[in-house]
Amino acid sequence: MSLSLSELYGRFQHNPALLDSISTTDLFKFITHAAQLRNDILLAQPATHPLHTPPAHLPTTIAQYLSEACNIPIDFVPQCWVALRDIVWERSCIEALREDPAIAFSQYGSKLGLERDTFYLPNTICTTPGCSHQSPLKNAKQKAVLYYTLDRGVLPAWDVQLYCATCKTSYHHNYRVCNGRRIYYGDIPSALQVAEHRYVECRIANMWLTSMFVSWTSATNLARLYELSFIPPTAKSSPLPFSPTLKTEDVWDAVVLLSLLEDCQRREQFLDLPHDGAQEVRFSAAMKARNDRIRLHGLPEVEHFCDKCTRFFPNEDGSLKKTSCIVIDGITIGHPCCSVHNCHIPLASTRHRFCPTHEDRRNTCCVDRCEHPAVQPGLVCDDPLHQEIQQRRNEREDAGPVACPNKPLEGNRRITARFGRRRTHNELIIVAPCGTIISRATCYGAEAVSSVVELVKRTYYAGPNKINQIVFDNNCNMALLVYGGKDTFFNTIGLSVDVFHFKSKHSVTDVFCQEHCNPAAYPELLDDNGGWFFNTSIAEQTNVWLAGFNAICREMVVEKYNFFLDEMIMRRNCITLENLTKGGRHPGYWKPSHFV
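In this text, all values refer to a predicted model and were calculated from it rather than measured experimentally.

**Student:** Any details on the overall build of the protein? Residues and values, ideally.
**Tutor:** Looking only at helices and strands, the protein features 21 helices and 21 strands. Computed over its C-alpha atoms, the radius of gyration of the protein comes to 33 Å, more than 25% above the 25 Å expected for a compact globule of 596 residues. Expressed along its principal axes, the backbone C-alpha trace of the protein runs to roughly 110 × 75 × 55 Å. Relative to all contacts within the protein whose residues are 6 or more apart in sequence, the contacts with residues 24 or more apart total 63%. Accessible surface computed for the protein: about 30900 Å², of which carbon and sulfur atoms make up 54%. Side-chain charges of the protein comprise 61 positive and 63 negative groups, with the mean position of each set lying 4 Å from the other.

**Student:** Lay out the nonpolar core in plain terms, naming residues and giving numbers.
**Tutor:** Among the nonpolar cores identified, the biggest contains 66 residues, and Trp208, Met212, Leu271, Phe549 and Phe564 are the most heavily contacted of them. Ignoring anything within four residues of it in the chain, the contact list for Leu271 reads Arg182, Ile183, Tyr184, Leu257, Leu260, Leu261, Cys264 and Ala286. Ranked by size, the runner-up nonpolar core spans 35 residues in total, among them Cys309, Ile470, Ala479 and Phe502.

**Student:** Tell me what's going on with the pairing of strand 6 (residues 181-184), and back it up with residues and numbers.
**Tutor:** As a general feature of sheets, a regular strand has side chains that alternate between the two faces. Here four bridges tie strand 5 (residues 175-178) to strand 6, and the two strands are oriented antiparallel to one another. Within strand 6, the position partnered with Val177 by the bridge is Arg182. In terms of strand pairing, strand 6 meets strand 9 (residues 272-274) through three bridges, oriented antiparallel. Counted as the bridge partner of Arg181 is Pro274 from strand 9.

**Student:** Report on the packing of helix 9 (residues 202-215) against helix 10 (residues 219-230), specifying residues and quantitative values.
**Tutor:** Where helix 9 meets helix 10, the closest approach of the two axes is 11 Å, and the angle between their N-to-C directions is 130°. Judged by the inter-axis angle, helix 9 sits oblique to helix 10. Taken as a pair, helix 9 and helix 10 cross one another with a handedness that is right-handed. Contact with helix 9, carried on its side by Ile204, Trp208, Ser211 and Met212, involves Ala219, Leu222 and Tyr226 of helix 10 and no other residues of that element. Per-class residue counts for the contact of helix 9 with helix 10 are six nonpolar, one polar and no charged.

**Student:** Tell me about helix 19 (residues 538-546), residues and numbers included.
**Tutor:** Three or more residues of helix 19 are buried, namely Ile538, Ala539, Thr542, Asn543, Trp545 and Leu546. One face of helix 19 carries all of its buried residues, which in axial projection span an arc of 155°. Buried residues along helix 19 sit in contact with helix 9, strand 12 (320-331), strand 17 (426-431), strand 18 (437-443), helix 20 (550-553) and helix 21 (558-582).

**Student:** Outline the packing of helix 3 (residues 24-36) against helix 6 (residues 77-88), listing residues and values.
**Tutor:** For any two helices packed against each other, one specifies the crossing angle of their axes together with the interaxial distance. Between helix 3 and helix 6, the least distance of the axes is 10 Å, while the angle of their chain directions is 65°. The orientation of helix 3 with respect to helix 6, classified from their angle, is roughly perpendicular. In this structure, the crossing between helix 3 and helix 6 has a hand that is right-handed. Residue-level contacts link Leu27, Phe30, Ile31, Ala34 and Ala35 of helix 3 to Val77, Cys80, Trp81, Leu84, Ile87 and Val88 of helix 6. When grouped by side-chain class, the residues that make up the contact of helix 3 with helix 6 number eleven nonpolar, no polar and no charged.

**Student:** I'd like a description of the pattern of salt bridges, backed by residues and values.
**Tutor:** For the coordinates displayed, the defined rule picks out 24 salt bridges. When the shortest N-O distance is used, the salt bridge between Glu567 and Arg290 registers 2.8 Å. With Glu567 in helix 21 and Arg290 in helix 13 (residues 284-297), this pair connects stretches of sequence that are 277 residues apart. Each member of the pair Glu567 and Arg290 is classed as buried. One network of salt bridges, in which partners are shared, links Glu262, Arg290, Glu567 and Arg571.

**Student:** Any details on the packing of aromatic side chains? Residues and values, ideally.
**Tutor:** Enumeration according to the criterion identifies 14 aromatic pairs in this entry. Aromatic side chains Trp81 and Trp89 sit 6.2 Å apart centroid to centroid with 80° between the ring planes, which places their arrangement in the edge-to-face category. Judged by relative accessible area, which is 1%, Trp81 ranks as buried. Centre to centre, the rings of Trp208 and Tyr226 are 6.4 Å apart; their planes meet at 80°, and the pair counts as edge-to-face. Of this pair, Trp208 sits in helix 9 while Tyr226 sits in helix 10, and the two are 18 residues apart along the sequence. Relative accessible area serves as the criterion here: at 1%, Trp208 is assigned to the buried category. Residue classification places Tyr226 among the buried residues on the basis of a relative accessible area of 2%. Chaining the aromatic ring pairs together yields one cluster made of Phe213, Trp252, Trp545, Phe549 and Phe564. Here Arg290 stacks its cationic end above the ring of Phe563, 3.9 Å away from the centre of that ring. In this arrangement the basic side chain of Arg572 is found over the ring face of Trp545, its NZ or CZ atom lying 4.7 Å from the centre.

**Student:** Any chance you could break down the pairing of strand 11 (residues 310-314) for me, citing the residues and the numbers?
**Tutor:** Alignment of strand 11 against strand 12, held across five bridges, turns out to be antiparallel. For Pro314, the partnering residue across the bridge sits in strand 12 and is Leu320. What sits between strand 11 and strand 12 in their antiparallel hairpin is a turn of five residues, with Gly318 showing a positive phi close to 95°.

**Student:** Explain helix 9 to me, using residue names and the numbers behind them.
**Tutor:** With 14 residues, helix 9 extends 20 Å from end C-alpha to end C-alpha; this agrees with the ideal 20 Å at 1.5 Å per step. Taken together, the buried positions of helix 9 are Cys202, Ile204, Ala205, Trp208, Leu209, Ser211, Met212 and Phe213. Immediately beyond the C-terminal end of helix 9, within one or two residues, lies Trp216, with a positive phi of roughly 55°.

**Student:** How would you sum up the environment of Lys321? Please name residues and give values.
**Tutor:** By the secondary structure assignment, Lys321 is in strand 12. Classification of Lys321 by relative accessible area gives partly exposed; the value is 33%. Placed ten residues apart in sequence, Lys321 and Arg311 show a C-alpha to C-alpha distance of 8.1 Å. Not counting residues within four places of it along the chain, the set of residues in contact with Lys321 comprises Arg311, Phe312, Phe313, Asn315 and Glu524.

Cut-offs used in this document
Residues numbered from 1 in each chain as written. Predicted model: local features only at pLDDT ≥ 70, side-chain atom pairs only at ≥ 80, totals over all residues. Heavy atoms only, no water. Helix = DSSP H or I, 4+ residues; strand = E, 2+ residues; numbered from the N terminus. Rg over C-alpha atoms; globule rule 2.2 N^0.38 Å. Contact = heavy atoms within 4.5 Å. Areas by Shrake-Rupley, 256 points an atom, 1.4 Å probe, with all protein chains shown as cover. Lys, Arg positive; Asp, Glu negative; His and termini not counted. Charge placed at Lys NZ, Arg CZ, Asp CG, Glu CD. Core = buried A, V, L, I, M, F, W, Y, C linked by side-chain atoms within 4.5 Å. Buried < 20%, exposed > 50% of the residue type's maximum accessible area, 1.4 Å probe, protein only. Pairing = 2+ DSSP bridges. Axes fitted to C-alpha atoms, helices over the stretch in contact; angles between N-to-C directions. Parallel < 35°, antiparallel > 145°, perpendicular 65-115°, else oblique. Left-handed = near helix turned anticlockwise from the far one by under 90°. Nonpolar A, V, L, I, M, F, W, Y, C, P; charged D, E, K, R; others polar. Arc of directions from axis to C-beta. Salt bridge = Lys/Arg side-chain N within 4 Å of Asp/Glu carboxyl O. Phe/Tyr/Trp six-rings, centres within 6.5 Å; stacked < 30°, edge-to-face > 60°. Lys NZ or Arg CZ within 6 Å of the ring centre and 35° of its normal. Expected span 1.5 Å × (residues − 1).

Remember that the coordinates give geometry; whether it matters functionally is a separate question.
What follows is the structure, encoded as structure tokens:
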């Protein structure tokens, strides 16, 4: 039943107190909520009550809900129901409330330049510190964009830009632009601008990050999945301002931007990016800044402890000894790097074989230990053996290391050549027995024991969070390196080999290993039943998860590679901490985090 305004007023005019107590907002909320509860209201009526007739009275629980939800005094709810029940009970009312406004905008608004989604800045006043312009900004420009949403697919939208002539600052939905810098606002917006004419709903970007973290889904597959799931075939032929096809670059820009914004929000800072230049390099400096900060101060969980990775073991004198344990292992994933062994200088492009410093070696024979110039257009010198290696490589079309087929005159050492790119050797990870990833480092040339020593010393220092036990499958060699020297860092740290490797990989005749690295020699590693208190296989279990990212990040440049892996690790740590809390393991921090 549709009522005119005069008829609606007539139903309330006899109750001045009601008219003075209820606003139009309360009235609209009452109709909306009551219409949604139509079936609940009917369920409380006798079976003989007609379905198409509104009941005279509301159930007590429904009345109480409408009073609290609509901010209407409980004494006025019955009177509101009597006045509005005919509207609530009308089917057209429910349909109108549930109608998607996008339909009306598509039919009537688009031809007038109106869309349901228009991206304005958070406020219309210039917020540049020191600017004298305090009136609302009216110098506006707008452009057509596409909006990728979770519930409604891809939609046409407008992006409105306002300009302050006083301080020469342009204001956009996500950021303001001043002096060539793009300064993002403090709050994370509901829609992220990932390209000049593309916005992505923040929930979509978060879903993409979760898909990468949980199921190792690549950006290419995520773009394809969105296209198949949310973009109907008819959309590609509809009058959208641009092609709705989502690009892989759009997915990456969305997840990187969201990660950077969340990082700045945690540190209560504003994201500052260059406004000009190519989109693919816009985030590079910000990613590198976070990478350097993590390398200097560690991941947020570097100060972590809980009941699964730290215990207080009773000494013979009755005092308690703190025992914090970590497990170290390597995983063979990596990114392209300079072909000079152990060179850490980033490549100018992932397609290059050498970094800018060693670019002159591009014309040197690619056979190991050969310094003669290469015969162009090949990659080897004029040595017949080297020429034969290249010929066999060309026949097999194999870019990996190739061995010479003939036995060299100087002995049995095989001559090898590297025609393709070198990759970093592996990733070293430090994992607490509870599953929290403490630290990570890239080994460029090999998993050297010295690299493990450097990682441990960079991660920990003499303080309450310093670990007491390190479990590593090559601890016997590390103990030989660190014990008895001038460096006393490891003097109070036990170095043991995990149980599996100690039993199956280490010789019983190795006296030093048996004396210094036997896990059974450390009573603090054993529980009250003679079993193992700490999970010393946790690093290998974590590597199973980490290895899933190899296909995603194997072609990344070094800054993006480190940024992506750190983001995935931090998200995994958040889930791990939630599970530890739910399991009553009392996770905490030895002191406030350095992650600032």
